Amino acid sequence: MKLTGFTMLVKLNCVSFKDLQPTSITVEVYVSSRGLPAFDIVGLADKAVDESKHRVRTAFRSTGLDFADKKITVNLAPADIHKEGSYYDLPIAVGIYCARQGICPDETDVFYGELSLDGSLRSTPRTLLVSIFAKETGFRRLFIPSYNLHEAAIYTGTEVYGIRNLSQIFEHLAGKTRLEPAENLQFKAFSKKLNRESNNSFTRVIGQFQAKRALEISAAGGHNVLLTGSPGTGKTMLANALVSILPPLSEEESLEVTKIYSYIGETNPDLPLIYSRPFRSPHHTASFAGMIGGGNPITPGEVTKAHRGVLFLDEMPEFARNILEALRQPLQDGVVNITRSRGSTMLPAKFMLVGACNPCPCGFFGHPTKECTCSISQINGYKRRLSGPILDRIDLFASTVPLNPDELEESLRTKDTSYSGETPIIENITKVRKLQVKRFKGETIFSNSEMNRDHILKYCRLKNSVEEFLKSVTTKMTLSTRSYFKLIKVSRTIADLDECGDIEVEHMAEAAQYRLR
Amino acid sequence: MSKFVSYCVDASSAVYPGKLRMLKDPPKSIYVKGDLDGGLLSRGIVGIVGSRKIFQYSREILRHIFREVLPINVATVSGFMFGVDTEAHKLSLENFIPTIAVLPCGIDAIHPVSNYALYDKIPGSGGLIISEYPGFSAPKKWTFVNRNRIIAALSDILIVVQAGEKSGSLITANYANKLGKPVLAVTAGYFHRGFEGNLQLLSTYAKALVSDNQINQLLGYAPGKLIKDTSNKSSLLHDEKVVYDHLCEQPASPDILAVRLKLPVKSVSMLLTNLQIKGVAFETDGVYHAR
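None of the values given here were measured: they were computed from a predicted structure.

Tell me what's going on with the side chain of Gln210(A), and back it up with residues and numbers.
Among the secondary structure elements, Gln210(A) is positioned in helix α8 (residues 209–221). Look at Gln210(A) and you get buried, because its relative accessible area is 8%. When neighbours within four sequence positions are excluded, Gln210(A) is seen to be in contact with Gln513(A), Tyr514(A), Pro254(B), Asp255(B), Val265(B) and Ser269(B).

See the structure below:
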């Protein structure tokens, strides 16, 4: 390349993240032919940004350009925001090129991406968030690595250009070979994929009809559920299968979930839009920050990753007490607040909780053939680990029963009676969910599980005979006031599944099987 | 702090329970909370003992005993420990039967602490708290054994609800047997874990506990006058009867009932709730039993 003795200041746009919130960053590049050759990056940059120098310099050489003899200063403004990550590589490289060539880039362009040493662009996370931010801020063009093109193009509004390597973007900027913006994908790919995903692992679980029925009810009404049973009776398998009977994500929900996964960089580049409900099953040794969210910068925890999906806590009483207690807020409000001295961040965390626990630490208390080796204080201590406020937020309690070989064989031979409807189970559940959305139109809730006492009085009016029955259940089974209201809520969902406008005695009688014992 | 003040009763006192004098080594004095002279000791006293680690099954048996086996005008005595003892005291209070708790620790100490609420309720409802140890002295291994001999001495009949292989209840049963008191044990299945002690007793001196008027007869009471009989087998509807009959043959989980009776599980759930409400079935750890 011919040197021109030219000095110039170039400004480009990039995006940084303050926790989960994108903010606009101006990348200022100044190339001077005076002074000793140097390459400096200023503006509160962390190690990954500083290392950008080496990537950019080598990538230039690989592309056949050189700038070793210049004094280059890069400023990331505003200078008081902490910058981190590798996605400033592209704007820095483009800035140097423009400064050298005397090109003035458009101020509505955004550049975002990480460079490889060979001059190509690497896959960079969070492009969906960048694309949404670009649209909202009024930027017109977005240049990102071609790997992430699908993800960024989910959201309409900006022209998105996928770049494979540096020479491609340089030629584009120089006006030699123009790039074409990607077509907005919107939700086309989304609707196509859905039909293929309807195979149902739920019906493959052997036996455990009552537990399956409990999960069907909880999926239909959005109720949180706790499965109790000895090891090996199928708790984990059932919970895993639950996802297959949950109604699909709506477009808005899908975007919400994809944004979260885009932020943590766990999207699939080819099929970036997440259309099936997330299923998260963190191990019970999970740390507080890992579950609830935390770290610096703030990383979403499992509760946020389970947004709009299922959070499955296997061995629930084994989770640290402070983690279980911290679940109270997301279970109540659907969001989690992470408060630090420098500010508070609110992350979405609306999930269905599925817990699984053993009857005692060794797992065999009440087992028909195996002996429990726990002491009474161990058993009580184990049960006490799930505090009242947490149990309050769980509507259904189901147990899985160990099967002896005869019973197993019988269950295998018999038709599954847990679901007796004619349409596929997932369609029925989707229908019931829609019914609830219609019922609670004008309220701030969407499912039966969210009803408070006022809602229950309003939407679950009981006939005299049912009221009478409820009274006898309450006295015979010594239910607390809280269990009383849970029973009505669950009955409401069972009646919905039966397409009954009114709650009948049979619905309530079934619901009573899923009470806290 | 307890509302009731403890007092000491000397062996020479007129209110000292005569039954204790039958022992080889009667306590020289006992410490009491509640009214020792209130006529409670003149009732027939049924001792109820069993394991600390109570099974749901045993809870149901206890409930059944209180509902359909015990006559209305008895008193109960037990050891205030958690498990069967606690359950026996609680059920006594629920059914307005005066109950005597014999402590292994000092009269003013509460052991186990989790029974704090019971500690005041018992003397408050006409029952007694008794110990042979004063003040706040802590329980020792041997004080539990000594307490057992008092329970045995105070009882006219001893019921062993659930005893494991090396249960302390067997010691109480031995004391009672030596004092010539009838010992009744709950029958359990041959393979039933946690009931090994019951089988041991039944193979030696104990009699099987059966319903009807057994206790009345042993106490020399006129037949009848049970607390209450709530089960209502005649009012069962057809499907309920089918499930009930199956449970009579063999206890089963809802899943197995659904398989064997070829009913959808939601109907089975509904029928089981109805049977529970009618008082003819009960559930232990996911398995239903006919009562």
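Describe in detail helix α18 (residues 425–439) of chain A, supporting the description with residues and values.
Residue and element names in this part refer to chain A. For α18, which comprises 15 residues, the first-to-last C-alpha distance of 21 Å matches the rise-based estimate of 21 Å (1.5 Å per residue) to within 8%. If you check which residues of α18 are buried, you get Ile 425, Asn 428, Ile 429, Thr 430, Val 432, Gln 436 and Arg 439. Looking at the buried side of α18, the elements it contacts are α8, α19 (453–459) and α21 (481–497).

Residue-level account of a nonpolar patch on the surface, with values.
Residue and element names in this part refer to chain A. Residues Ile 206, Leu 408 and Leu 412 make up a contiguous nonpolar surface patch of roughly 260 Å² in combined accessible area. Structurally, Leu 408 can be placed in helix α17 (residues 405–413). On the basis of relative accessible area, Leu 408 is assigned to the partly exposed category, the value being 37%.

So, the confidence of the model for chain B: which residues are in play, and what are the values?
Across chain B, the average pLDDT comes to 88, with 95% of residues at 70 or higher. At the low end of the mean pLDDT range in chain B sits strand β10 (residues 281–284) of chain B, at 83; at the high end sits strand β7 (residues 157–160) of chain B, at 95.

Help me get a handle on the environment of Val29(A), residues and values and all.
Residue and element names in this part refer to chain A. Within the secondary structure, Val 29 sits in strand β2 (residues 21–32). In this structure Val 29 comes out as buried when scored by relative accessible area, which is 0%. Each C-alpha atom of the pair Val 29 and Asp 40 lies 9.9 Å from the other, and the pair is eleven residues apart in sequence. Filtering out sequence-adjacent residues up to four positions away, Val 29 remains in contact with Met 8, Leu 9, Val 10, Ile 72, Thr 73, Val 74, Ile 92, Gly 95 and Ile 96.

Account for the domain arrangement of chain A, naming residues and giving values.
All names here are of chain A. By domain assignment, chain A separates into domain 1 (8–174), domain 2 (193–419) and domain 3 (425–517). Listed per partner, the contact involves 27 residues of domain 2 and 24 residues of domain 3. Of the roughly 2,300 Å² buried between domain 2 and domain 3 on both sides combined, carbon and sulfur atoms contribute 60%. For domain 2, the biggest contributors to the area lost against domain 3 are Ala 220, Asp 395 and Phe 397; these three give 24% of the whole. Scanning the region where domain 2 abuts domain 3 turns up four salt bridges. As a salt-bridge pair, Glu 510 and Arg 213 come within 2.7 Å of each other at their nearest N and O atoms.

Tell me about the packing of aromatic side chains, and please be specific about residues and values.
Following the criterion strictly, the structure yields 17 aromatic pairs over all chains and no others. Consider the rings of Phe17(A) and Tyr87(A), whose centres lie 6.0 Å apart with planes at 85°: the pair is edge-to-face. Placement of Phe17(A) in strand β1 (residues 8–18) and of Tyr87(A) in the loop between β4 (71–77) and α3 (89–101) is noted, with a sequence separation of 70 residues between them. Judged by its relative accessible area of 6%, Phe17(A) is buried. Look at Tyr87(A) and you get buried, because its relative accessible area is 6%. Here Phe55(B) and Phe195(B) contribute two aromatic rings whose centre-to-centre distance is 6.2 Å and whose plane-to-plane angle is 50°, an arrangement assigned as tilted. Here Phe55(B) is found in the loop between β3 (44–49) and α1 (56–69), whereas its partner Phe195(B) is found in the loop between β8 (183–185) and α6 (196–202), with 140 residues between them in sequence. Residues Phe55(B) and Phe195(B) agree in their burial class; the two are buried. A network of ring pairs unites the aromatic residues Phe17(A), Tyr87(A), Tyr88(A), Tyr112(A) and Tyr263(A) as a single cluster. Here the basic side chain of Arg126(A) rests over the ring of Phe17(A), its NZ or CZ set 4.9 Å away from the ring centre. Over the ring of Tyr263(A) we find Arg126(A); its NZ or CZ atom is 3.9 Å from the centre of that ring.

An account of the pairing of strand β14 (residues 310–313) of chain A is requested, with residue identities and associated values reported.
Residue and element names in this part refer to chain A. Because side chains alternate across β14, one face comprises the buried residues Val 310 and Phe 312, and the other comprises Leu 311 and Leu 313, equally buried. Two strands pair when backbone bridges link them, and strand β11 (residues 279–280) and β14 are joined in this way by two bridges, in the parallel orientation. Opposite Arg 280, over in β14, you have Leu 311 as the bridge partner. Strand direction decides the pairing type here: β14 and strand β17 (residues 352–357), joined by four bridges, are parallel. Looking at the pairing, Phe 312 lines up with Val 354 of β17.

Kindly report on the sheet that holds β8(B), identifying the contributing residues and their values.
Residues and elements named next belong to chain B. One open sheet holds the nine strands; their spatial order is β1-β2-β6-β5-β4-β3-β7-β8-β9, and the pairing between them is mixed. Looking at the sheet topology across the chains shown, the edges are occupied by β1 (7–10) and β9 (207–208). Sheet analysis places strand β5 (residues 99–102) next to strand β6 (residues 128–131), joined by three bridges and oriented parallel. Its bridge partner lying in β6, Val 102 is registered against Ile 130.

Kindly report on the pairing of strand β2 (residues 29–33) of chain B, identifying the contributing residues and their values.
Residue and element names in this part refer to chain B. Most of β2 sits inside the fold, with five of its five residues counted as buried. Looking at chain direction, β2 and β6 are connected through three bridges and run antiparallel. Pairing of Val 32 across the sheet is with Ile 130, part of β6.

Give me the lowdown on the domain arrangement of chain B, citing residues and values where you can.
Parsing chain B into structural domains produces domain 1 (7–219) and domain 2 (233–290). Centre-to-centre separation of domain 1 of chain B and domain 2 of chain B, based on C-alpha positions: 34 Å.

Outline the interface of chain B and chain A, supporting the account with residue identities and numerical values.
On the side of chain A, 38 residues touch chain B, which itself brings 28 residues to the contact. Considering only the side of chain B, the residues that lose the most area to chain A are Lys53(B), Lys266(B) and Ile277(B), jointly responsible for 22% of the buried surface there. Along the contact surface separating chain B from chain A lie two salt bridges. Applying the counting criterion to the chain B and chain A interface returns 14 residue pairs in polar contact (both at pLDDT 80 or more). At the level of elements, α9 (254–261) and α10 (265–277) of chain B are the ones that each hand at least two residues to the side of chain B that touches chain A. At nine residues, α10(B) tops the list of elements feeding residues into the side of chain B that touches chain A. Its residues assigned to classes, the side of chain B that touches chain A comprises 14 nonpolar, six polar and eight charged.

Can you tell me about the sheet that holds β17(A), naming the residues and giving the values?
Pairing between sheet strands relies on hydrogen bonds along the backbone, with the strands arranged either parallel or antiparallel. Residues and elements named next belong to chain A. In spatial order, the strands read β11-β14-β17-β10-β18; together these five strands make up an open sheet with parallel pairing. Because the sheet does not close on itself, it has two edges, and the strands there are β11 and β18 (396–400). Pairing analysis gives four bridges linking strand β10 (residues 225–229) to β17, with the strands arranged parallel. By the bridge assignment for β17, Leu 226 is matched with Gly 355. Contacts between helix α9 (residues 235–242) and the sheet are confined to β10, β11, β14, β17 and β18, with β17 contributing the most and set at about 170° to the helix.

Account for unusual backbone geometry, with residues named and values stated.
The peptide bond linking Ala77(A) to Pro78(A) adopts the cis configuration, its omega dihedral lying at -5°. Residue placement: Pro78(A) occurs in the loop between β4 and α3. Omega for the peptide link from Asn296(A) to Pro297(A) comes to 0°, which places this bond in the cis form. Examined against the element boundaries, Pro297(A) turns out to sit in the loop between β12 (293–294) and β13 (299–300). The phi dihedral of Gln208(A) is positive, around 50°, even though this residue is not glycine. Structurally, the position occupied by Gln208(A) is in the loop between α7 (188–196) and α8. Taking relative accessible area as the criterion, Gln208(A) reaches 2% and is therefore assigned buried. We note that Phe96(B) has phi near 60°; this positive angle belongs to a residue other than glycine. Residue position: Phe96(B) is located in the loop between α2 (84–94) and β5. The class for Phe96(B) is exposed, based on a relative accessible area of 74%.

What counts as what
Residues numbered from 1 in each chain as written. Chains lettered and ligands numbered in written order. Predicted model: local features only at pLDDT ≥ 70, side-chain atom pairs only at ≥ 80, totals over all residues. Heavy atoms only, no water. Helix = DSSP H or I, 4+ residues; strand = E, 2+ residues; numbered from the N terminus. Buried < 20%, exposed > 50% of the residue type's maximum accessible area, 1.4 Å probe, protein only. Contact = heavy atoms within 4.5 Å. Expected span 1.5 Å × (residues − 1). Patch = residues over 30% accessible without salt bridge, like charges linked within 9 Å, V, L, I, M, F, W, Y side chains within 5 Å. Areas by Shrake-Rupley, 256 points an atom, 1.4 Å probe, with all protein chains shown as cover. Salt bridge = Lys/Arg side-chain N within 4 Å of Asp/Glu carboxyl O. pLDDT = per-residue confidence, 0-100. Domains from an automatic or database assignment. Buried area = accessible area lost by both parts, 1.4 Å probe. Phe/Tyr/Trp six-rings, centres within 6.5 Å; stacked < 30°, edge-to-face > 60°. Lys NZ or Arg CZ within 6 Å of the ring centre and 35° of its normal. Pairing = 2+ DSSP bridges. Polar contact = N/O pair within 3.5 Å; in protein donor to acceptor, adjacent residues only side chain to side chain. Nonpolar A, V, L, I, M, F, W, Y, C, P; charged D, E, K, R; others polar. Axes fitted to C-alpha atoms, helices over the stretch in contact; angles between N-to-C directions.

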